[in-house]
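One-letter residues, chain by chain:
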Amino acid sequence: MMTTTLSDTAASVTTVLVAHHGIPDVIPAAEAEITTRMTLTKLVELGEKDQPPR
């Protein structure tokens, strides 16, 4: 199971907390972390693509 919590701050910054639970031992924790970071990076890129320049 993976739980993701998003929260917005007063400064229009979104904080993301991701917790992995029950990942099989055959998947190294470092690999799960790398994959999560890559996914979040792609999500940011997609979100920024649709935003007007600042």
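Fair warning: this is a prediction, and the values are worked out from it, not measured in the lab. (Residues numbered from 1 in each chain as written. Predicted model: local features only at pLDDT ≥ 70, side-chain atom pairs only at ≥ 80, totals over all residues. Heavy atoms only, no water.)

## As for the overall build of the chain
Spelled out, the test is: Under the DSSP-based scheme used, a helix requires at least four consecutive residues in state H or I and a strand at least two consecutive residues in state E, with every element numbered from the N terminus. The buried label applies to any residue whose accessible area, calculated with a 1.4 Å probe on protein chains only, is under 20% of its type's maximum; exposed applies above 50%, and partly exposed to all values in between. The contact rule is simple, with two residues in contact once any of their heavy atoms fall within 4.5 Å. Under the convention used here, a 1.4 Å probe and the Shrake-Rupley method define accessible areas, while residue burial counts only the protein chains that appear.
What the chain contains, in helices and strands, is one helix and two strands. Along its sequence from the N terminus, the chain presents helices and strands in the succession β-β-α. Burial statistics for the chain: of 54 residues in total, 4% are counted as buried. For the chain, long-range pairs separated by at least 24 residues make up 3% of all intrachain contacts whose partners lie at least 6 apart in sequence. Counting every atom, the chain has about 5,000 Å² of accessible surface; 61% of that belongs to carbon and sulfur.

## What to know about the pattern of salt bridges
As a reminder, the rule being used: Salt bridge criterion: a side-chain nitrogen from Lys or Arg within 4 Å of a carboxyl oxygen from Asp or Glu.
Enumeration according to the criterion identifies one salt bridge in this entry. Glu33 is the salt-bridge partner of Arg37, the closest N and O atoms lying 2.9 Å from each other. Taken as a pair, Arg37 and Glu33 lie in helix H1 (residues 29-49) at a separation of four residues, close to a single helical turn.

## Some thoughts on the confidence of the model for the chain
Filter applied, for reference: The predictor attaches a confidence to each residue, and that confidence, scored 0 to 100, is pLDDT.
For the chain, mean pLDDT is 79; residues scoring 70 or higher make up 81% of the total. For the chain, strand S1 (residues 2-8) is the element with the lowest average pLDDT, namely 69, and H1 is the one with the highest, namely 86.

## Focus: a nonpolar patch on the surface
Note the following rule: Every patch collects residues that have over 30% relative accessible area and no salt bridge, joining them within 9 Å if they carry like charges and within 5 Å if they are nonpolar side chains (Val, Leu, Ile, Met, Phe, Trp, Tyr).
Together, Val16, Leu40 and Leu43 give the surface a local cluster of nonpolar side chains, amounting to about 240 Å² of exposed area. One can find Leu40 in helix H1. The partly exposed category is assigned to Leu40, whose relative accessible area is 30%.

## Overview of the side chain of Thr36
Among the secondary structure elements, Thr36 is positioned in helix H1. Contacts of Thr36, omitting those with residues within four sequence positions, involve Val18 and His20.

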